[in-house]
Structures are given as C-alpha cells and as structure tokens.
Amino acid sequence: MRRGSGSGTTTRTTLGKGKSEVASSAFALVFSELVQYHRARVRDVGELERALDEAGEMVGRRAFEAQAFRERGSGKRDHRLLPLLQFTQSVVWKNVFGRAADSLEVYDDDEYLLSDKDLLVNRFVSVPKDLGDLNCGSFAAGVVRGILCSAGFPAKVTAYSSEAGPGDESGRTTNILMKFEKEVIERERRLDGK
Amino acid sequence: MSTTTPVAGVAHAVDARALGACAASAMAPGRITSVWVINKSGGLIYHRAFDAVDGRGETHAMRLDANATLRLASVWHSMHAIARKVSPTRGCVGIESVECDTFDLYCFQAETGTKIVMTTTKGTVDARGTLRRAHQAFYAYALQNPFYEMEMPVRCELFDAEIANVVRSVNERT
C-alpha cells in the first residue's frame, strides 16, 4: 500500500478509471435488499420513497465526485446548469445505471425533466397494489439531488412513472423532475448576461 | 442433432409414411397450454393456462380449478422426487418430460429446487430453451423484485408479461 507512505502521492496520482461494469442482476439483488430493508422500517409509501431518496443522495454525491475527477482529471466542475445536467444524463447515468438516460427536457425555465425508458432500478420491479403509486425511481431522484446539491444547484427532485404511448413497446418510462431553487435560476440569468 | 445426413432423412421419410397421419401431426409445432412454477416444498406458486390453437385450427385449453392445480402440482413434486430416489444410476435430475397421447409435459428443476413445468400439445417444441427462458423470467422479475417474498405465490405483472412473451414466441411459430 503506497497510500500510507506519507509521501503525498495520494493527492498527485490520478484517480483510476474504476470498474464500470457490474452484473445487472447483482445490482438488482442489492437494490432489492435495500428496498426490503427500508420497507420493514417505515410506516407508509411516502416514507419509503424518502428513505430511497436519501440512500440515492449519498450515491449521487459520491458518484458525482468520482466522475468529476475521472472525466476532467483535475476535478474541474461545471458551474453552469446545462452542461452539468448533460454530464449527469450521459456520464454519471452511464456509470451508475449502465446506460445514458434517454432524454433531457426543459419546462418553464426552472423545471427540467430527465427520462429513462428502462431505468435499472425499475426494470425488475412490479409494485403490488397495496403500495399504490410507489416508485423505486425515487432512488434515482435521490442520485440526481445528490449531484445537484453537491455541485451547488439546490433543487427539489421527484420521480414519477409514465406509461409508454401507443405503438411504443419500451414499457414504463421513469421521469425525474427537477425544480430548481430561485437563486439557481437567477444566477444562471446573471451568467447569461441578461 | 442439428445436422441430418441424407441417409437419416430417407429413413425418416419411410417412418413417416409408415406411421401415417400420427407422425405427420407430430412434426407440427407444439403449442404451450400451461406454465407452472412449483417451489421447493411442492407448493404451486404460479400457474397460467393458455388457449393454444394447433395447425388444424383446433383450440386446446386446460380447464382446471384452483384446488386441482394445487393438488396436481404437489403430486408432480412428489413423483419427481420419487423418480430421483428410485433411479438406478447416479446423477438423476428427476423427470424431464412425460409424453402422453394427447399432450406432452416438460419439467425443469433449478439448483434451488424450484421447478418450472409446462404442458404442450403434441408436436415439436424446444422444451429446454423455453423452460430456460421461463426460469430466467422467474429469476429476473420475481426473485429480483423487492416486493416478492421467497417461496410465495408470484404476483408480479412484469413476470406475467414476460411469461406471456415466451409463450407467444412458441405458440406463434409456424
């Protein structure tokens, strides 16, 4: 272990590329256990979604940190909203969920929507009727929230599902809705020079 | 298995002529009429029957009530276990198929003791491949589903959909 040698090499060496591939079934089983763990400790659907959201936030903060270092070398980060979201959609999503998210859309300036037609955390999940509109995508929403918060773009992030339209056989789409705080939007405007 | 020598082909043609219509219908694709999943203690955890239309346009359907299916599943589980015990050779995996006059039954037992069983009309079916796909569906959409309790009845819409897909891919062959 060279890390403990005290010569300061830890800060100078670049971060390894990391292993980007894990069997999807291994991930699915761990995630399944995570949901079951929290389910036994909450009273209702809302609490369960919050618990998943919080678990995801921790993942998001760490994944973003690691990816920022890997991709940019020096750990340089985006200070503008759109590049950050694109970075999330492509690089982070690919590393956390195995594929880039399908689309990124803007609504009313301060609302952004990230959608994934086959989100890994929802791929194998059938929610029983007694849990109503529970969406395990809350975990992904938490991941996004963790990224945005640690990058300095506080936002409210929620997940909801939508059924595919007729003729589309992709199944359920998971949508992650981000509503940014006022200060973020104002800062963006200022930077735009308006 | 996949390559047929000309000699074997001739032999087969002679056989088919000798056996007449019976052999001809045996060459038609078989249709799946039901899929069962039996847990390791012999309990039925999934059962679904399908209406299968054969080459002559006749519909085959299995009509069993819920209690009958439970009973048959547990009988099959016992028969399967007995077959393994009484086998004169080592390494017997139990009954893999049963061929009857009017239908065939195929069974696959996973390492965990879960059995996937399907019944088909008479005819050719890639039983191994189909059972394997059904087992994969069980693994993916039931075992990896956080809301599925082990050894309990499977009520997962994604599993239902995948089983329907597997059956459709077999039943719509021509």
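Here's what I pulled together on the structure shown here. All of these numbers come straight from a predicted model, not from anything done at the bench. (Residues numbered from 1 in each chain as written. Chains lettered and ligands numbered in written order. Predicted model: local features only at pLDDT ≥ 70, side-chain atom pairs only at ≥ 80, totals over all residues. Heavy atoms only, no water.)

Quick word on the interface of chain A and chain B
- At the junction of the two partners, chain A supplies 18 residues and chain B supplies 11 residues.
- Where chain A abuts chain B, roughly 1200 Å² becomes buried across the two surfaces, and 62% of that area is made up of carbon and sulfur atoms.
- Counting the surface chain A buries against chain B, the share from its top three residues, Leu29, Phe124 and Ser126 of chain A, is 44%.
- Put simply, chain A and chain B have zero salt bridges between them.
- Remark: the boundary between chain A and chain B carries four residue pairs in polar contact (both at pLDDT 80 or more).
- Elements with a minimum of two residues in the side of chain A that touches chain B: helix H2 (24–39) and helix H5 (120–123) of chain A.
- If you tally residues by element for the side of chain A that touches chain B, the top one is H2 of chain A, at seven residues.
- Of the residues assigned to the side of chain A that touches chain B, the class counts are 10 nonpolar, five polar and three charged. (Contact = heavy atoms within 4.5 Å. Buried area = accessible area lost by both parts, 1.4 Å probe. Salt bridge = Lys/Arg side-chain N within 4 Å of Asp/Glu carboxyl O. Polar contact = N/O pair within 3.5 Å; in protein donor to acceptor, adjacent residues only side chain to side chain. Helix = DSSP H or I, 4+ residues; strand = E, 2+ residues; numbered from the N terminus. Nonpolar A, V, L, I, M, F, W, Y, C, P; charged D, E, K, R; others polar.)

Concerning the packing of helix H4 (residues 127–143) of chain B against helix H5 (residues 157–171) of chain B
All names here are of chain B.
- Orientation of H4 relative to H5, taken along the N-to-C sense of each, is 165°, at an axis distance of 9 Å. What the angle tells us is that H4 and H5 run roughly antiparallel. Judged by the sense of rotation from one axis to the other, the crossing of H4 with H5 is right-handed. Contacts from Thr130, Arg133, Ala134, Ala137, Phe138 and Tyr141 in H4 reach Leu158, Phe159, Glu162, Ile163, Val166, Ser169 and Val170 in H5. (Axes fitted to C-alpha atoms, helices over the stretch in contact; angles between N-to-C directions. Parallel < 35°, antiparallel > 145°, perpendicular 65-115°, else oblique. Left-handed = near helix turned anticlockwise from the far one by under 90°.)

Structural notes on the pattern of salt bridges
- For the structure on display, the rule yields 17 salt bridges over all chains.
- One salt bridge connects Asp116 of chain A with Arg99 of chain A, and the closest N-O pair in it is separated by 2.3 Å. Taken together, the positions of Asp116 of chain A in strand E2 (residues 111–116) and Arg99 of chain A in the loop between helix H4 (81–97) and strand E1 (103–107) put the pair 17 residues apart, joining distant regions of the chain.
- Take Asp116 of chain A: its relative accessible area is 2%, and that puts it in the buried class.
- Arg99 of chain A gets classed as partly exposed once you look at its relative accessible area, which sits at 26%.
- Across the salt bridge formed by Glu151 of chain B and Lys40 of chain B, the nearest N and O atoms sit 3.7 Å from each other. (Buried < 20%, exposed > 50% of the residue type's maximum accessible area, 1.4 Å probe, protein only.)

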